[in-house]
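Structural overview for review
Read off the chains here:
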Amino acid sequence: MTPSRTRISKAVIPAAGLGTRFLPATKATPKEMLPVVDKPAIQYVVEEAVSAGLSDVLMVTGRNKRPLEDHFDRNYELEEALRRKKDESRLARVQESSDLATMHYVRQGDPRGLGHAVLCAAPHVGDQPFAVLLGDDLIDPRDPLLSRMIQTQELHGGSVVALMEVDPAQIHLYGCAAVKGTDADDVVRVTDLVEKPDAADAPSNYAIIGRYVLDPAVFEVLSKTEPGRGGEIQLTDALQTLAGDETVGGPVHGVVFQGRRYDTGDRGDYLRAIVRLACEREDLGPDFRAWLHHYVTEEM
Ligand code: UTP
């Protein structure tokens, strides 16, 4: 398999899940729109794609898609009101999301799993490698992961997943990779994948997190992938097929990520993301840190 020479330019962001862990907040609002400090989680994800050089973004949406589309569109009424008030800084904040990237949308219909959501992107993506960023997975902007994954895909061809070492007791919550080392410290060769294994059956403690760079051969594999765990079409199952037979779509590599990452679809991690990002903000941080310190030392 010859390594890819085409510059990856398209990002796919699946955001059509039901978000049941966040009910009732997600009854009428997609979980990707929940604010992390003062920006919806999904905006961080689109910003991450853009900083990795991907300005063509396809969002896979489901029911409740309106807020997602509206957020990345202009809001003339609001902009005009801020202009009249001469509130330039808020006006700039409002315009940021609509100026970020070229946005496209496709509707998933039934949420039949992450693999099915990715398959909905096939007509838009065509036959080039592309990136997938889960809309509820937040990677700290200071720890660039996607650029490293794109570099790895350009070097080896095939597909690349993002891996993070987790406590073995937590591995049943993730897709898990069996791996072999490579010449680069942070890159491994993926030889097998299992979706949410019990700790005893897990081939490693390398968990797959929500960033992928995929060879378009994944679409053909996904179209033949039967529903797996939870009755859903699992992306991990399709990647397992790719990892098991290099002739299908090239090898599968993993970039081992050691930076900061939050699963904003999980309530505990969502709160941790807000507290950490708020503490680190120049405008809010000093007051918030002082309050937090007082709360933890005096009131808990
Ligand atoms: P999750 O596994 O977090 O599922 O999806 P979920 O339904 O969104 O949330 P819970 O578990 O019920 O709380 C991981 C990512 O895949 C997307 C989700 O939007 C999320 O970004 N997804 C999942 C889809 O786009 N379609 C699906 O059918 C399933």
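Reading the values: the criteria
- Residues numbered from 1 in each chain as written.
- Predicted model: local features only at pLDDT ≥ 70, side-chain atom pairs only at ≥ 80, totals over all residues.
- Heavy atoms only, no water.
- Helix = DSSP H or I, 4+ residues; strand = E, 2+ residues; numbered from the N terminus.
- Rg over C-alpha atoms; globule rule 2.2 N^0.38 Å.
- Buried < 20%, exposed > 50% of the residue type's maximum accessible area, 1.4 Å probe, protein only.
- Salt bridge = Lys/Arg side-chain N within 4 Å of Asp/Glu carboxyl O.
- Near = heavy atom within 4 Å.
- Polar contact = N/O pair within 3.5 Å; in protein donor to acceptor, adjacent residues only side chain to side chain.
- Areas by Shrake-Rupley, 256 points an atom, 1.4 Å probe, with all protein chains shown as cover.
- Nonpolar A, V, L, I, M, F, W, Y, C, P; charged D, E, K, R; others polar.
- Axes fitted to C-alpha atoms, helices over the stretch in contact; angles between N-to-C directions.
- Parallel < 35°, antiparallel > 145°, perpendicular 65-115°, else oblique.
- Contact = heavy atoms within 4.5 Å.
- Patch = residues over 30% accessible without salt bridge, like charges linked within 9 Å, V, L, I, M, F, W, Y side chains within 5 Å.
- Core = buried A, V, L, I, M, F, W, Y, C linked by side-chain atoms within 4.5 Å.
- Left-handed = near helix turned anticlockwise from the far one by under 90°.

1. Quick look at the overall build of the chain
A count of helices and strands for the chain gives 12 helices and 13 strands. Relative to a compact globule of 300 residues, whose C-alpha radius of gyration would be 19 Å, the chain shows 20 Å and is just as compact. Across its three principal axes, the chain shows a C-alpha extent of roughly 60 × 45 × 35 Å. Taken across its 300 residues, the chain has 49% of its residues classed as buried.

2. Topic: the pattern of salt bridges
A complete count under the given rule lists 26 salt bridges for this structure. Notably, a salt bridge pairs Glu154 with Arg7, separated by 2.9 Å at the nearest N-O pair. Of this pair, Glu154 sits in helix H7 (residues 146–156) while Arg7 is found in the segment before strand S1 (10–15), placing the two residues 147 residues apart along the sequence. Judged by its relative accessible area of 26%, Glu154 falls in the partly exposed class. Owing to a relative accessible area of 51%, Arg7 belongs among the exposed residues under this scheme. For Arg260, the salt bridge goes to Asp143, with nearest N and O atoms at 2.9 Å. Pair noted here: Arg260 is in the loop between strand S12 (252–256) and strand S13 (261–263) and Asp143 is in the loop between strand S7 (137–139) and H7, with a separation of 117 residues, a long-range link. For Asp143, a relative accessible area of 16% translates into the label buried.

3. Description of the site of the ligand
Near the ligand there are 19 residues, and of these Thr20, Arg21, Lys31, Gln108 and Gly113 occur at the shortest range. Separating an oxygen atom of the ligand from a backbone N or O atom of Gly17 is a distance of 2.9 Å. Summarising the interface, the protein chains cover 83% of the accessible area of the ligand, which totals 570 Å² for the free molecule. Among the secondary structure elements, those contributing two or more residues to the shell around the ligand are S1 and helix H5 (114–119). Classifying every residue of the shell around the ligand gives 8 nonpolar, 6 polar and 5 charged.

4. Observations regarding the packing of helix H11 (residues 267–280) against helix H12 (residues 285–299)
For the pair H11 and H12, interaxial distance at closest approach is 7 Å and the crossing angle is 125°. In this view, H11 runs oblique relative to H12, as classed from their interaxial angle. Contacts between H11 and H12 pair Val275, Ala278 and Cys279 from the former with Gly285, Phe288, Arg289 and Leu292 from the latter. Residues that form the contact of H11 with H12 fall into these classes: 5 nonpolar, 1 polar and 1 charged.

5. Some words on the side chain of His116
Within the element layout of this structure, His116 appears in helix H5. Exposure remark for His116: the relative accessible area of 12% places this residue in the buried category. Beyond its immediate chain neighbours, meaning those up to four positions away, His116 contacts Gln108, Asp110 and Ile233.

6. Focus: a nonpolar patch on the surface
Together, Trp291, Tyr295, Val296 and Met300 line one region of the surface with nonpolar side chains, adding up to about 440 Å² of accessible area. Mapped onto the elements, Met300 comes out in the segment after H12. Residue Met300 is classed as exposed on the basis of its relative accessible area of 67%.

7. Brief notes about the nonpolar core
If you look at the biggest cluster of nonpolar residues, it comprises 34 residues, and the most contacted ones within it are Phe130, Tyr212, Leu214 and Val218. The contact partners of Val218, leaving out residues within four places of it in the chain, are Phe130, Leu235, Ala238 and Leu242. Within the second largest apolar cluster, 32 residues are counted, among which are Val45, Phe72, Leu133 and Met164.

8. Some words on the packing of helix H3 (residues 76–84) against helix H4 (residues 88–99)
Axis separation between H3 and H4 bottoms out at 9 Å; the angle between their running directions is 160°. On the basis of the axis angle, H3 is roughly antiparallel to H4. Like other packed secondary-structure pairs, H3 and H4 cross with a definite hand, here left-handed. Residue-level inspection shows Leu78, Glu79, Leu82 and Arg83 of H3 in contact with H4, the latter providing Arg90, Leu91, Val94 and Gln95. When grouped by side-chain class, the residues that make up the contact of H3 with H4 number 4 nonpolar, 1 polar and 3 charged.

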